[in-house]
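Listed here are the chains, written in short residue letters.
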Amino acid sequence: MIKHVTGVRQLLPTLLCFGLVYSSCEPAVRLSGSWVQRDVLPTRYSKVFVMSLGKDLSKRRLGEDHIRAELLRRGIVAVTSLDEFGPDFSRTDSGVMRQVLLDRQFDGVVTIRVLGINERDRWIPTAGIYGPSGYYHGFYGYYYRFGGYYYEPGYVVTDVEVLLESNFYRTSTGELLWTGQSRAFYRDPTPAMAGRYAKNIVDDMIGKGVLATSN
């Protein structure tokens, strides 16, 4: 009896995952849409500048490092803003910034930023009553049938949706060549999420003919 109830309880998260249509069982981050400039040609960029916009230094580092690593994996040289300028780098005039990047031989720029964070409370109803089944008669039969049952109360969960924007620019002209929006379902990113996010956007830029690679 105990083994049966334990087995059901262990299976419950899997059943809920298949039964719910909400994002809790979706990938932690996904690319929801992208745009590419018309007539853009695949280009082998010699050095790409990767910049995350935001105040949280650890999240900036996480995002920049994974995008840099993904570009390097595709044979594209990339450098993060934190490595190039340090954490105290302040925004400057766009014309000055353009010249700084050109002087340092960057011909492409990737930027990432958070567009917004949406939160919504959702009630998860009771999972029901679980336990052995079978014929019962009188108290002892009733005790046998329901003694192993348990009640799983409902609870409230908070769904979090973080909207992310990523852009790719040509340094010489400042021209926007590609932009993508992603949705993440956790406020605090993990290395695995950052890696998937980076792979999603680099795959899309290659697939849409923005970036040419050596592998």
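Along each chain, residues carry numbers from 1 onward, in the same order as the chain's sequence is written. Per-residue local features are limited, in this predicted model, to residues with pLDDT of at least 70; the limit for side-chain atom pairs, both in listing and counting, is 80 or more; totals at the level of whole chains, interfaces and linings are taken over all residues. Only heavy atoms go into the side-chain values, all of them from the structure, while hydrogens and water stay out.

*Asks:* Please explain the nonpolar core as it appears in this structure.
*Replies:* Formed by 26 residues in total, the largest nonpolar core has its most connected members in Val 48, Ile 67, Leu 71, Phe 168, Val 210 and Leu 211. Think of it this way: any DSSP run of H or I at least four residues long counts as a helix, any run of E at least two long counts as a strand, and we number them from the N terminus. At the level of secondary structure, the elements contributing two or more residues to this core comprise β2 (48–53), α2 (57–73), β4 (108–124), β7 (155–170), β8 (175–184) and α6 (191–207). The leading source of residues in this core is α6, at six residues. Residues are treated as being in contact if the distance between any of their heavy atoms lies within 4.5 Å. Non-local contacts of Leu 71, meaning those with residues more than four positions away in its chain, are made with Val 48, Val 50, Ile 76, Ala 78, Val 202 and Leu 211. Joining through side-chain atoms within 4.5 Å is the link that ties buried Ala, Val, Leu, Ile, Met, Phe, Trp, Tyr and Cys residues into a set, and such a set is a nonpolar core. Only protein chains enter the accessibility calculation, which uses a 1.4 Å probe; a residue whose area is less than 20% of its type maximum is buried, one above 50% is exposed, and one in between is partly exposed. Membership of the second largest hydrophobic core comes to eight residues, among which are Met 51, Val 79, Phe 85 and Phe 106.

*Asks:* I tried to follow the sheet that holds β8 on my own but got confused; where do I start?
*Replies:* One key point about sheets: their strands pair by backbone hydrogen bonds, in either a parallel or an antiparallel sense. Taken together, the six strands give an open sheet; going across it, the order is β1-β8-β7-β4-β2-β3, and neighbouring strands pair in mixed fashion. At either margin of the open sheet sits one strand with a lone partner, and together these are β1 (29–36) and β3 (78–80). Each strand axis lies, on average, 20 degrees off the axis of its neighbour in the sheet, ignoring direction. Whether two strands pair depends on DSSP finding at least two bridges between them. Note that β4 and β7 share 16 bridges and pair antiparallel. Along β7, the bridge assignment pairs Ile 117 with Val 162. Sitting on the sheet, α2 touches β2, β3 and β4, and the angle it makes with β3 is about 175 degrees. To define axes, lines are fitted to C-alpha atoms, for helices over the stretch in contact only, and angles between the resulting N-to-C directions are given on a 0 to 180 degree scale.

*Asks:* In this structure, what is going on with the packing of aromatic side chains? I would like to understand it.
*Replies:* Each aromatic ring pair is specified by the distance between its two centres and by the angle formed by the two planes. Pairing of aromatic rings covers Phe, Tyr and the six-membered ring of Trp, with a centre-to-centre limit of 6.5 Å; geometry is then stacked below 30 degrees between planes, edge-to-face above 60, and tilted otherwise. Summed over all chains, the structure comprises three aromatic pairs. Between the aromatic rings of Phe 49 and Phe 85, the centroid separation amounts to 5.7 Å while the plane-to-plane angle is 75 degrees, which identifies the pairing as edge-to-face. One end of the pair, Phe 49, is in strand β2; the other, Phe 85, is in helix α3 (residues 81–85), with 36 residues separating them in the sequence. Three or more aromatic residues joined by ring pairs form one cluster here, namely Phe 49, Phe 85 and Phe 106.

*Asks:* Explain the side chain of Glu 165 to me, please; I cannot follow it from the model alone.
*Replies:* For Glu 165, the position within the fold is in strand β7. Here Glu 165 falls in the buried class, since its relative accessible area comes to 16%. Engagement of the side chain of Glu 165 in a polar contact is seen with the side chain of Asn 167, the distance being 3.3 Å. N or O atoms within 3.5 Å of each other form a polar contact, as long as, within protein, one can give a hydrogen and the other can take it, and as long as residues adjacent in sequence are counted only when both atoms are side-chain atoms.

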